[in-house]
2 protein chains.
Amino acid sequence: MSSSIAVNKTAHPFNKQQLESVLTQRFFYAPAFEIYGGVAGLYDYGPPGSALQANIIAEWRKHFIIEDSMLELDTTVMTPAPVFEASGHVARFADWMVKDAKTGEVLRADHLVKGVLEARLVGDREARGEKSVADTSVDDGEKKKKKKVKAIATRLPDETVHLYESILAQLDNYSGPELGLLCKEHKITNPDTGNEVSEPQAFNLMFGSSIGPTGQHPGYLRPETAQGHFLNFSRLLDFNYNRIPFASAQIGRSFRNEISPRAGLLRVREFTMAEIEHFVDPLDKSHEKFHLIKDVTICVLPRETQAEGKTDLTSIKVGEAVSTGIIANETLGYFVARIHQFLLKIGIDENRLRFRQHMSNEMAHYATDCWDAEIYSSVGWIECIGCADRAAYDLTVHMQKTGKPLVVRQSLKDPIISEKDVVEFNNKIMGKTFGKDLKFVTEAVKDIEADEPRLARFKNELAQGSTTLKVNGQEFKLTTDMVSVKHTVIKQTTREFTPNVIEPSFGLGRILYMLLEHSWWTREDDQQRGVLSLPMAVAPIKVLIVPLSAKEEFQPLVQELRAEGVLCRVDDSTASIGKRYARNDELGTPFGITVDFASIKNRTLTLRERDTTRQLIGTVEDVTSIVCALIKGDMTWSQAEGRLDVYDGVQAVE
Amino acid sequence: MSSSIAVNKTAHPFNKQQLESVLTQRFFYAPAFEIYGGVAGLYDYGPPGSALQANIIAEWRKHFIIEDSMLELDTTVMTPAPVFEASGHVARFADWMVKDAKTGEVLRADHLVKGVLEARLVGDREARGEKSVADTSVDDGEKKKKKKVKAIATRLPDETVHLYESILAQLDNYSGPELGLLCKEHKITNPDTGNEVSEPQAFNLMFGSSIGPTGQHPGYLRPETAQGHFLNFSRLLDFNYNRIPFASAQIGRSFRNEISPRAGLLRVREFTMAEIEHFVDPLDKSHEKFHLIKDVTICVLPRETQAEGKTDLTSIKVGEAVSTGIIANETLGYFVARIHQFLLKIGIDENRLRFRQHMSNEMAHYATDCWDAEIYSSVGWIECIGCADRAAYDLTVHMQKTGKPLVVRQSLKDPIISEKDVVEFNNKIMGKTFGKDLKFVTEAVKDIEADEPRLARFKNELAQGSTTLKVNGQEFKLTTDMVSVKHTVIKQTTREFTPNVIEPSFGLGRILYMLLEHSWWTREDDQQRGVLSLPMAVAPIKVLIVPLSAKEEFQPLVQELRAEGVLCRVDDSTASIGKRYARNDELGTPFGITVDFASIKNRTLTLRERDTTRQLIGTVEDVTSIVCALIKGDMTWSQAEGRLDVYDGVQAVE
């Protein structure tokens, strides 16, 4: 929102505790089942959190689904086991956990290594007299509070510091056994007890269940929405008139039985995702709208930089990143740019956004390139969106498991003409001659046909009357009346292939939390008064209505706004007007309208803007039409200031 | 949509198979995991189904949440077991299943009784030479196809017909053992095998799982969203400035492990619900907006009518239904009317909608009144929305289990003054005298205090110096220095109470399917050409764009529509224009715009309306602005016909 008055939003340092207490008090979200003592990693969204999430989803739908005409899906959460056996999730969708050798307490291995090494680095910086800001927390499995690893001021040798930094920079790169080795080599123990920890064990993160009354059908809750897209590929392709590229999109709930959910929305056991699967020709990953985003400047951290143990960021235009090969292809680049634009649109700070490329070991073996949109927050850089080129992996595994052809068939404008030698069989004579061995003989000949030099020898021998095959230790004589090799012209009129998949995958809860941090500030003149400067499009409530007297005056306005689908809230509580405004600043409500005794007499309303706290006054009709225009984005606050008088806090009542 | 041309939508009888094949072919929805053989009761929504559902949800949010300023929630699906132990779901959220005595096949008991008795009635009508339309299907647990119970033309005695009709009219009224008795009395066997079935057994419908890495925390997937509202009651009350009435609302996924999911969306294992919990003062269930809906006419089937074994419907104004006591209170009446309005708004046929009151045994024991919105379809009347007055049950059970006060405290404007006798203790002397028995003695005196006649005797005896209590077989002497009874004036300034809950609960999948049936018809002149006359607000795609030549001409239009968040689809496939229109009629797309060679030459577009197939022609600018107005509802088709020329199928190209 543009404003004609400069507001200093950085007068006070960010205070995380203050924000979190406001978010709980105003019920953006709260631990689920709180009156039952809560369960780690499960959160409920209250009215402002639900509305904020619904608005982010509405913007997402417009930005991605509508603008790019994606095919939306809504598939089930409950999934029969064979699907996740094929996808590899049953075997591999796991985190590494270690157990305290004496207490049996469960810890996530990579979090343990991170927490302990970071604490040592903090201790080192203290010993060197430097200030540190690193978060040195280790999560444990079942308790809700994070444990801080106590940093002890101990100076480390320079090479150890470099080693630790390098380990931390590529932490996602280590396998379970490697994490175990790190614990041994660097004497990493459970910081709570000082006890050694066990060898890392894989713990599958999927919630299991059973479908149907007989208990015979094991199922899992999906840990991502993606499989629902892949399984419906043929129907989607048909819906898209059998042409690619096209993208499917889905917004829905997913579940991961995390070993160690973190406090807050950053690592939870149930969350809302938005996922896109863009199906593309493996031979042509260009994007028809690439020219529209090629000049978008993004901030990147390529894998080469990380491999050097560094985290320096580079600003680059997407067009250049693709043309120089930093980003693998146009479609991946297109989505990186669109993600960048989306995040800025909903209010994420451009200066706290980077795209980090996955390192080779970090990516799934089939992926060809992967970029995470990471957002900087009070706990450091957090992955919020992954954007991967998954090649043909997903469709291939389901095709193999089900035998259903998840492929694209394209008519070729110019048929491909090729010539080659082809074996022809006389089935009647073959059958009579070989009886039950027919199948093996035929297969052996097919193998020869596929092997050019062998086929040439085979043809030569046949030209001399006969040839002998050795199959399963037996010899079979083939004669020219049984088989012949013919030079044939082959005209291929269709091309059949398995599409590749580019997958942008959004964790909406993380994005929502980051947005809250980026939007939060406190008033220069009063550090206790916080404001959430959420953009109009995502603000949970658009207008606060504060009646200081009777209700009748604002009822037409309320009805008009609500008929337009605008969420407006009436605060007719007994709190002072200042308090009512203050708590709605904390809710991020962009505008406030006050009706008082003078208003009724004069048929006026006052209009207040959240960030500047400036107030204007005008007739009921003028204020109503102006606030509607402001909400729709048809007018800026500066323009509104030109249309209405400044309110000086005193209304003329004769 | 108003139209200046009359269209005959009832020329042909409804053909369910035709509709279902279109819904599958156009991918409104399809069995989930189809390429893996599918799982009964799990369905995926494709692009038109997802968009239709998203549009219904958007209308629901506007109609209920925004217009009535409800507090939206988004709570978790995964729920720890103690919550459902308290709510009664672990003990009682079950259906009755029977097993085939020989094959072990699982059948739902009530469905078995219904299927067999209906088949006998059909057979009876056939024997009497009457035509029948009843659906006589029995669902089985695991197979996907419904079994038809074969109707054998056998005439039944008149009293048996009446008995069967009466059983069917109150089928929801029977307990498990009663269903078992019915099977025995009426010789109801598994229609597939002719075998007898076992005694009905309860099967809990909740999907179970386990939370966390240690497996120590059993959990369930919620079978409804309601508990998430109740558990957050205190936070919601606080958000509403500690005042009631208020309503919370939630749209989300729920799960029920149905014994026998039906084909289609009518009984599924995973579904999207929308639920409202309206918290109200048990002493005052009036509704401040009741006057706005009191004249809405609804069609009702009260419990008295059903108890007589009848299904006659009555038209009545909601105001009258409440004032005559048919509907228990204003708030319940308000929601019944709002539900009625909502269903009509999205396109449900008013003549196929009724509100059926629950019979006494059918309701939960704590409920005081309950009305189901039932919609008529090809399989008869189907419950789509329940609207119940649940009294204080839910908050009470969670308060008892957790000890947390889920109550409202109201300051009383006029304090309630009362006088009564109160016992006062001298704790010091009591303690010295009774030692370890103090607790029992004190409790015994408290019991006396709560019982007026005993207290009077106690007071009298004390007035004579002392009294003796018998506690746990021991006697204790109380003297006036230990206790005294004082006449006290009590001023009660706050009232504390547990609110009652009125709960409208919507099954969105069922509503969506009913809407598809009610919207479907076939063209008078071609029974093969189907049309889905979905209202603009919920139509999945608003505009079809059919380019017969280059794309450039319509790009600005597409961009403008998409920027407005309007889903428009470009069909540039090679199919004929007639075919392209026909398949978009099946998708329910209200408008089509064609660009051809003449258009480009003349800078014109043609605009087609779905139901009438009438076409208009105008300049690119005019058609663009008119189609935007049509979509926003700012213009009717009749008005558009007045603004543009009729297109005669020939464009002037010199």
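Residues numbered from 1 in each chain as written. Chains lettered and ligands numbered in written order. Predicted model: local features only at pLDDT ≥ 70, side-chain atom pairs only at ≥ 80, totals over all residues. Heavy atoms only, no water.

**Side note on the overall build of chain A**
Looking only at helices and strands, chain A has 23 helices and 31 strands in total. With respect to the three principal axes, the spread of C-alpha positions in chain A is 120 × 65 × 55 Å. Looking at chain A as a whole, 56% of its 654 residues qualify as buried. Sequence separation of at least 24 residues holds for 70% of the intrachain contacts in chain A that already meet a minimum separation of 6. Within the structure as shown, chain A displays about 28300 Å² of accessible surface, and the carbon and sulfur contribution to it stands at 49%. In chain A, 79 side chains carry a positive charge and 91 a negative one; their mean positions are 3 Å apart. (Helix = DSSP H or I, 4+ residues; strand = E, 2+ residues; numbered from the N terminus. Buried < 20%, exposed > 50% of the residue type's maximum accessible area, 1.4 Å probe, protein only. Contact = heavy atoms within 4.5 Å. Areas by Shrake-Rupley, 256 points an atom, 1.4 Å probe, with all protein chains shown as cover. Lys, Arg positive; Asp, Glu negative; His and termini not counted. Charge placed at Lys NZ, Arg CZ, Asp CG, Glu CD.)

**Side note on helix α6 (residues 158–169) of chain A**
All names here are of chain A. The end-to-end C-alpha distance of α6 is 17 Å, a good match for the 16 Å that 12 residues give at a rise of 1.5 Å each. The complete set of buried residues in α6 reads T160, V161, Y164 and I167. Relative to the axis of α6, the buried residues are bounded by an arc of 130 degrees and lie together on one face. Counted as exposed and oriented over 90 degrees from the buried face of α6: E159 and H162. Next to the buried residues of α6 lie α5 (109–127) and α7 (176–185). (Expected span 1.5 Å × (residues − 1). Arc of directions from axis to C-beta.)

**Let's talk about the domain arrangement of chain A**
Taken domain by domain, chain A holds domain 1 (16–76 + 222–393 + 501–508), domain 2 (94–204), domain 3 (413–494) and domain 4 (541–646). Just the C-alpha atoms count here: the centres of domain 1 of chain A and domain 3 of chain A sit 52 Å apart. (Domains from an automatic or database assignment.)

**Digging into the nonpolar core**
In this structure, W60, L343 and F506 of chain A together with W60, L343 and F506 of chain B are the most contacted members of the largest nonpolar core, which totals 211 residues. Those residues in contact with W60 of chain B that sit more than four places away from it in its chain are I65, A249, I251, A274, E275, I276, F342 and F506 of chain B. Counting residues in hydrophobic clusters, the runner-up holds 28 residues, among them I593, L616, V627 and L644 of chain A. (Core = buried A, V, L, I, M, F, W, Y, C linked by side-chain atoms within 4.5 Å.)

**Side note on the interface of chain A and chain B**
Across the boundary between the two partners, chain A contributes 87 residues, which contact 87 residues of chain B. Summing both partners gives a buried area of about 7400 Å² for chain A against chain B, and 61% of it is carried by carbon and sulfur. Counting the surface chain A buries against chain B, the share from its top three residues, I35, Y36 and R235 of chain A, is 11%. Counting the contacts that link chain A with chain B gives 6 salt bridges. Note that D572 of chain A is salt-bridged to R243 of chain B, the shortest N-O span being 2.7 Å. Seen at the junction of chain A and chain B, the total is 40 residue pairs in polar contact (both at pLDDT 80 or more). Here the side of chain A that touches chain B takes 8 residues from helix α2 (residues 47–66) of chain A, the largest share from any one element. Its residues placed into classes, the side of chain A that touches chain B shows 41 nonpolar, 23 polar and 23 charged. (Buried area = accessible area lost by both parts, 1.4 Å probe. Salt bridge = Lys/Arg side-chain N within 4 Å of Asp/Glu carboxyl O. Polar contact = N/O pair within 3.5 Å; in protein donor to acceptor, adjacent residues only side chain to side chain. Nonpolar A, V, L, I, M, F, W, Y, C, P; charged D, E, K, R; others polar.)

**Description of the environment of T606 of chain B**
Inspection of the secondary structure assignment puts T606 of chain B in strand β29 (residues 604–609). By relative accessible area, which is 3% here, T606 of chain B ends up buried.

**Some details on the relation of the copies chain A and chain B**
Under the fitted operation, chain A is carried onto chain B by 0.0 Å of movement along the axis and a turn of 180 degrees, and the coordinates agree to an RMSD of 0.2 Å. These values place the two chain copies in the arrangement generated by a two-fold rotation axis. The rotation axis passes nearest to the C-alpha of S209 of chain A in chain A, at a distance of 2.6 Å. Take the interface residues of chain A: 100% of them recur as interface residues in chain B, which is what a same-surface contact looks like. (Least-squares fit on C-alpha atoms with pLDDT ≥ 70 in both.)

**Thoughts on the confidence of the model for chain A**
Chain-level pLDDT for chain A is 90 on average; 95% of the residues reach the 70-or-more range. Taken together, the stretch residues 139–146 of chain A has pLDDT below 50 and engages in 30 contacts with residues farther than four places along the chain or on a different chain. (pLDDT = per-residue confidence, 0-100.)

**Describing the pattern of salt bridges**
Evaluation of the coordinates by the stated rule reveals 88 salt bridges over all chains. Where R354 of chain A meets E374 of chain A, a salt bridge forms, and the shortest distance between an N and an O atom there is 2.6 Å. A residue pair is termed long-range when its members are at least 10 positions apart, and R354 of chain A in strand β16 (residues 353–357) and E374 of chain A in strand β17 (residues 369–377) qualify at 20 residues. With a shortest N-O distance of 3.3 Å, D421 of chain B and K459 of chain B are connected by a salt bridge. In this pair, D421 of chain B is assigned in strand β19 (residues 408–425) and K459 of chain B in helix α17 (residues 452–463), connecting sequence segments 38 residues apart. Salt bridges sharing partners connect three or more residues here, namely E67, D68, K289, R338 and K345 of chain A.

**Focus on the packing of α5 of chain A against α6 of chain A**
Residue and element names in this part refer to chain A. For the pair α5 and α6, interaxial distance at closest approach is 10 Å and the crossing angle is 145 degrees. At the point where α5 passes α6, the crossing takes the left-handed sense. Across the interface between the two elements, V113, K114, L117, E118, R120, L121 and D124 of α5 pack against V161, Y164, E165, I167 and L168 of α6. (Axes fitted to C-alpha atoms, helices over the stretch in contact; angles between N-to-C directions. Left-handed = near helix turned anticlockwise from the far one by under 90°.)

**Here's the deal with the packing of α2 of chain A against helix α18 (residues 508–519) of chain A**
All names here are of chain A. At a closest axis distance of 11 Å, the pairing of α2 and α18 adopts a crossing angle of 110 degrees. Judged on the interaxial angle alone, α18 and α2 are roughly perpendicular. For the crossing formed where α2 meets α18, the hand is right-handed. Within the contact between the two elements, α2 uses G49, L52, Q53, I56 and I57 and α18 uses L508, L512, L515 and L516. (Parallel < 35°, antiparallel > 145°, perpendicular 65-115°, else oblique.)

**Details of the sheet that holds strand β3 (residues 71–73) of chain B**
All names here are of chain B. Reading across from one edge, β3-β12-β13-β23-β18-β17-β16-β14-β15 is the order of the 9 strands in this open sheet, with mixed pairing throughout. Two strands in the sheet have a free side with no partner beyond their single neighbour: β3 and β15 (314–317). Averaged over all neighbouring strand pairs, the angle between strand axes comes to 30 degrees, with direction disregarded. Bridging between strand β17 (residues 369–377) and strand β18 (residues 380–389) involves 9 bridges; their strand directions are antiparallel. By the bridge assignment for β18, I375 is matched with I382. In the packing of helix α2 (residues 47–66) onto the sheet, contacts are made with β3, β12 (246–255), β13 (270–280) and β23 (500–507), and the angle to β13 comes to roughly 0 degrees. Packing of helix α13 (residues 330–346) onto the sheet brings it into contact with β13, β14 (297–301), β16 (353–357), β17, β18 and β23, and relative to β18 it is tilted by some 140 degrees. (Pairing = 2+ DSSP bridges.)

**What about the side chain of T522 of chain B?**
All names here are of chain B. Residue position: T522 is located in strand β24 (residues 520–523). When its relative accessible area of 6% is taken as the criterion, T522 is described as buried. Those residues within four positions of T522 in sequence are excluded, and the remaining contacts are H12, Q18, Q527, R529 and G530.

**Concerning the packing of aromatic side chains**
Counting across every chain of the model gives 36 aromatic pairs over all chains. Relative to F279 of chain B, the ring of F233 of chain B has its centre 4.9 Å away and its plane inclined at 55 degrees; by these criteria the two rings are tilted. With F233 of chain B in helix α9 (residues 233–239) and F279 of chain B in strand β13, this pair connects stretches of sequence that are 46 residues apart. According to the relative accessible area criterion, F279 of chain B is buried, its value standing at 0%. Each member of the aromatic cluster is reached from another via a ring pair, and the members are W60, F64, F342 and F506 of chain A. (Phe/Tyr/Trp six-rings, centres within 6.5 Å; stacked < 30°, edge-to-face > 60°.)

**Considerations on unusual backbone geometry**
Residue P245 of chain A is bonded to the preceding I244 of chain A through a cis peptide linkage, with omega at 5 degrees. Within the secondary structure layout, P245 of chain A lies in the loop between α9 (233–239) and β12 (246–255). The backbone of Y241 of chain A sits at a positive phi, close to 60 degrees, despite the residue not being glycine. Note on placement: Y241 of chain A falls in the loop between α9 and β12. Although it is not a glycine, F27 of chain B sits at a positive phi angle of roughly 60 degrees. Structurally, the position occupied by F27 of chain B is in the loop between α1 (16–25) and β1 (29–31).

**Digging into α2 of chain B**
Taking 1.5 Å per residue, 20 residues should reach 28 Å; α2 of chain B reaches 27 Å between its end C-alpha atoms and fits that length. The buried fraction of α2 of chain B is high, at 17 of 20 residues.

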